[in-house]
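One letter stands for each residue in the lines below.
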Amino acid sequence: MSERQLRARVTQVVAEVIATRRVGAYQHLTLVAPGVAELARPGQFVALAVGGETSGTLLRRSFSIHKVSPSGTYGGTVEIVVSAVGTGTRWIVDRAPHDTIDVVGPLGKAFPLPTDPVACVLVGGGYGSAPLFWLAAELRERGCHVEMVLGAASEDRLFGVVEARRSCDGVTVTTDDGSAGQQGWVSDPLPEIIERTKAGVVYGCGPMGMLESITRVAQAHGAVAQVAVEESMACGVGVCMTCVMPVVGADGRTRMARSCVEGPVFRGDRVRWDSFDGGHARVPDDAVGAPKVGGH
Amino acid sequence: MVDLSVDLGGGHRLPNPLMTASGCAANGRELHRFFDVADLGAFVTKSVMADPRSGRGTPRMAETPSGMLNSIGLQGPGIEAFVDEDLPWLQSVGARVLPSIAGSSSTEYAHVAATLRASRAFDAVIGVEVNISCPNVANRGLVFACDPLASAKVIALVREQLPRDIPVFAKLSPDVTDITAIAAACVKAGADGLTMINTLLGMVIDTDRMRPQLGGVTGGLSGPGIRPVAVRAIWQVRQAMFEGRIRTVPIIGVGGVRTGRDALELVAAGASAIQVGTAVFNDPSAPVRVLRELCELLDAKGFERFTDAVAVAHGR
Ligand SMILES: Cc1cc2nc3c(=O)[nH]c(=O)nc-3n(C[C@H](O)[C@H](O)[C@H](O)COP(=O)(O)OP(=O)(O)OC[C@H]3O[C@@H](n4cnc5c(N)ncnc54)[C@H](O)[C@@H]3O)c2cc1C
Ligand SMILES: Cc1cc2nc3c(=O)[nH]c(=O)nc-3n(C[C@H](O)[C@H](O)[C@H](O)COP(=O)(O)O)c2cc1C
Ligand code: FES
């Protein structure tokens, strides 16, 4: 790593896949990515190039960092959990051991950790649980009581139930279809868990609708929500302005904030959930620089 | 070793012809984590308007074959914040800056240029790029770049605001019937150079939801997929210069450059400098990589000076 990259706390490496295995509906990849592992914190992500140097698929794909081992046998490794949904993710899950993938990371803001050993609830929807185990370990190291709620549409879309039982003080599982745990949504058991543990922070990662309801429940029960969002990203490094969402700043004003550099972790009560609608986010009328009537 | 230096006017000799493209590199800090932005010939900043702008709603992008569609809507901090924060930072790291300015009326362009001129960091500026692909409020939102009269008016007003040793580059849109007519109008109005090309207007429909994929409905197409359009536009305008229909001024080529070979293609068509835009999203250090590759290619082909390769494909 160059001195610049150390200072910048980000690097770009051609990573070798050293392990890849199926876990339910997902593919779990381990990449040798020296530099990334040493710099990363829970909640940050990596951006992977798709299809090699001459690929017509130009834009990078972002994945939460599931785990890092800064000094493994192969040098630093980074693990990700991938759900194959389109061209890019299909290419990534098809990589075999010893294939290479160009990786940029770590990117974005990590989950902020509480200064006091308060109880925390970690909520993961589908592969959204991927970054939470690492977070759980760090929280417990600080003396926090940690419970986890894992939810998904069905059992095969849950990720890390066994690991959760090993790494947390309590685990609750929900599925939409009842194929595992209790039938329903992650927000159903959440009030009881917050009340029972007197949780101060609820961390969430998963689909936007879920993050909104986690924020609502946390607020109603006196906890702070910290949520990791997922927006379409063209660059992942803060230069294109595609990944924005309306977020309230420290000055109380709403701005279209870049989720790749100012996020992906935002305080839930700062996100303008009222502006989201079926995959679109409007610019709220009171946002800084919002289009004026009859203007631009 | 190939001499890569180039003079784009105003006596500012750039160490090399490689630049970022406006809107594809933000205002420097983000890419400075990957390479030294002072290593570029010049750093081109995101088009800035008079006031802060939120830009459009999301989704703001769609991937396309070898490229993408974007509808950002010129999100930015406004010119005051730009001259207070961004320009001084670029100056502090030793970057040569080609600020891109925009407006929704010709007077807004002039106001932005005047504010830039008054900046304490103006020393870092080696030229100003005028993004005329903006809707003109006075003409029912028709973009300036599609109207030779409106384009000329903007360029003339901006030219008046800036010192003579600061070259003004008009950035042209390829979405016109005859790009040489717009180029001629801009040069006649005082443009000291041209940047070609801005994005092409496109649209993608999400067939799962059966609705336009972008929040802004239409967007700008960019990336390697549009490179032949850039080569054609540069070629046509350079040809018109050879024929004496347009005064000869430097052309900054942009559009689909991903490798040194791509850059050389635009240079051979007539570009005296090269901007790398969308390729940065694929490889954050693309501008310096393209420079290295271009240098190796020129060397391998026996060019001693970069400038000897400019427009060589004409008349061959
Ligand atoms: C911060 C962050 C963390 C993520 N973590 C994970 C993870 O741990 N595991 C996982 O499986 N997926 C994760 N995703 C989602 C993943 O990036 C997308 O599923 C993936 O980009 C889709 O690419 P594709 O080519 O398969 O799909 P396509 O639909 O073909 O993609 C087309 C374009 O849209 C973008 N895009 C499409 N869907 C999404 C989406 N949901 N989020 C962001 N961009 C999208 C792609 O980047 C691409 O540019 C994360 C996304 C973000 C932003
Ligand atoms: C996300 C994005 C934002 C852009 N913003 C601007 C802008 O603010 N001003 C401008 O003049 N051009 C803007 N452009 C156009 C580029 O500067 C460039 O002209 C165009 O993308 C073609 O080059 P490329 O294929 O290398 O990207 C933008 C392009 C993209 C992809
Ligand atoms: S993805 Fe480009 S700015 Fe965030």
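Bear in mind that the values here come from a model prediction, so they are computed numbers and not experimental data. (Residues numbered from 1 in each chain as written. Chains lettered and ligands numbered in written order. Predicted model: local features only at pLDDT ≥ 70, side-chain atom pairs only at ≥ 80, totals over all residues. Heavy atoms only, no water.)

## Considerations on the packing of aromatic side chains
Right, so step 1: For the structure on display, the rule yields six aromatic pairs over all chains.
Right, so step 2: Pairing Trp273(A) with Phe276(A) gives two aromatic rings, centres 5.9 Å apart and planes at 40°, and the pair type is tilted.
Right, so step 3: According to the relative accessible area criterion, Trp273(A) is buried, its value standing at 11%.
Right, so step 4: Here the aromatic rings of Tyr109(B) and Phe144(B) are separated by 5.3 Å at their centres, their planes lie at 90°, and the arrangement is edge-to-face. You can see Tyr109(B) sitting in helix α2 (residues 106-117) and its partner Phe144(B) sitting in the loop between β9 (128-131) and α3 (148-161), a full 35 residues away along the chain. (Phe/Tyr/Trp six-rings, centres within 6.5 Å; stacked < 30°, edge-to-face > 60°. Buried < 20%, exposed > 50% of the residue type's maximum accessible area, 1.4 Å probe, protein only. Helix = DSSP H or I, 4+ residues; strand = E, 2+ residues; numbered from the N terminus.)

## A short note on the site of ligand 1
Right, so step 1: Close to ligand 1 lie 23 residues, the nearest being Ser62(A), Val81(A), Gly88(A), Thr89(A) and Glu230(A).
Right, so step 2: Those chains with residues close to ligand 1 are chains A and B.
Right, so step 3: One of the side-chain nitrogen or oxygen atoms of Arg61(A) is found 2.8 Å away from an oxygen atom of ligand 1.
Right, so step 4: Interatomic distance of 2.7 Å between a backbone N/O atom of Ser62(A) and an oxygen atom of ligand 1.
Right, so step 5: In the complex, the protein chains occlude 83% of the 820 Å² of accessible area that ligand 1 would expose alone.
Right, so step 6: Elements with a minimum of two residues in the shell around ligand 1: β4 (61-64), β6 (77-82) and α3 (87-93) of chain A together with β5 (61-64) of chain B.
Right, so step 7: Broken down by element, the shell around ligand 1 gets its largest block of residues, four residues, from β4(A).
Right, so step 8: Here the shell around ligand 1 is composed, by residue class, of 10 nonpolar, eight polar and five charged.
Right, so step 9: If you count residues domain by domain, the shell around ligand 1 takes at least three from each of domain 1 (3-107) and domain 2 (120-281) of chain A. (Near = heavy atom within 4 Å. Polar contact = N/O pair within 3.5 Å; in protein donor to acceptor, adjacent residues only side chain to side chain. Areas by Shrake-Rupley, 256 points an atom, 1.4 Å probe, with all protein chains shown as cover. Nonpolar A, V, L, I, M, F, W, Y, C, P; charged D, E, K, R; others polar. Domains from an automatic or database assignment.)

## A closer look at the sheet that holds strand β12 (residues 201-205) of chain A
Residues and elements named next belong to chain A.
Right, so step 1: Across the sheet, seven strands lie side by side as β11-β10-β9-β8-β12-β13-β16; this open sheet has mixed pairing. Taken across any chain shown, the strands that pair with only one partner, and hence form the sheet edges, are β11 (182-183) and β16 (265-267).
Right, so step 2: Where strand β10 (residues 170-175) meets β11, two bridges bridge the pair, whose relative direction is parallel. Bridge pairing links Thr174 to Gln182 in β11.
Right, so step 3: The strands touched by helix α4 (residues 132-141) are β8 (120-125), β9 (146-152) and β12; relative to β8, the strand with the most contacts, the crossing angle is about 175°. (Pairing = 2+ DSSP bridges. Contact = heavy atoms within 4.5 Å. Axes fitted to C-alpha atoms, helices over the stretch in contact; angles between N-to-C directions.)

## Some points on the site of ligand 2
All names here are of chain B.
Right, so step 1: The environment of ligand 2 is formed by 22 residues, the closest being Ser22, Ser47, Lys171, Gly256 and Thr278.
Right, so step 2: Within the contact set of ligand 2, an oxygen atom lies 2.8 Å away from a backbone nitrogen or oxygen of Gly223.
Right, so step 3: Take Gly256: an N or O atom from its main chain is 2.6 Å from an oxygen atom of ligand 2.
Right, so step 4: Protein coverage of the free-state accessible area of ligand 2, which is 610 Å², stands at 98%.

## Some points on the pattern of salt bridges
Right, so step 1: Counting across every chain of the model gives 25 salt bridges over all chains.
Right, so step 2: Linking Asp169(A) and Arg140(A) is a salt bridge whose minimum nitrogen-to-oxygen distance equals 2.8 Å. Of this pair, Asp169(A) sits in the loop between α5 (161-167) and β10 while Arg140(A) is found in helix α4, placing the two residues 29 residues apart along the sequence.
Right, so step 3: With a shortest N-O distance of 3.5 Å, Arg261(B) and Asp262(B) are connected by a salt bridge.
Right, so step 4: Taking relative accessible area as the criterion, Arg261(B) reaches 45% and is therefore assigned partly exposed. (Salt bridge = Lys/Arg side-chain N within 4 Å of Asp/Glu carboxyl O.)

## Focus on the side chain of Thr174(A)
Right, so step 1: With respect to the secondary-structure elements, Thr174(A) resides in strand β10.
Right, so step 2: Dropping the residues within four chain positions of it, Thr174(A) is found in contact with Leu150(A), Gly151(A), Ala152(A), Leu158(A), Ala180(A), Gln182(A), Gly184(A), Trp185(A), Val186(A) and Pro189(A).

## Considerations on the domain arrangement of chain A
Residue and element names in this part refer to chain A.
Right, so step 1: Considered domain by domain, chain A is made up of domain 1 (3-107) and domain 2 (120-281).
Right, so step 2: Buried area between domain 1 and domain 2, both sides added, is near 1,900 Å², and the carbon and sulfur share of it is 66%.
Right, so step 3: By the criterion of area lost to domain 2, the three top residues of domain 1 are Tyr26, Pro42 and His66, representing 30% of everything that side buries.
Right, so step 4: A salt bridge links Lys67 to Glu163; the shortest N-O distance between them is 3.7 Å.
Right, so step 5: Of all the secondary-structure elements, those providing two or more residues to the side of domain 1 that touches domain 2 are β2 (26-32), β4, β5 (67-69) and β7 (100-107).
Right, so step 6: Residue classes in the side of domain 1 that touches domain 2 are distributed as 12 nonpolar, seven polar and three charged. (Buried area = accessible area lost by both parts, 1.4 Å probe.)

## Considerations on unusual backbone geometry
Right, so step 1: The omega torsion across Gly263(A) and Pro264(A) is 5°, close enough to zero to call that bond cis.
Right, so step 2: By the element assignment, Pro264(A) lies in the loop between β15 (254-258) and β16.
Right, so step 3: In this structure, the amide linkage connecting Thr58(B) to the following residue, Pro59(B), adopts the cis form with an omega of 0°.
Right, so step 4: Positionally, Pro59(B) belongs in the loop between β4 (43-44) and β5.

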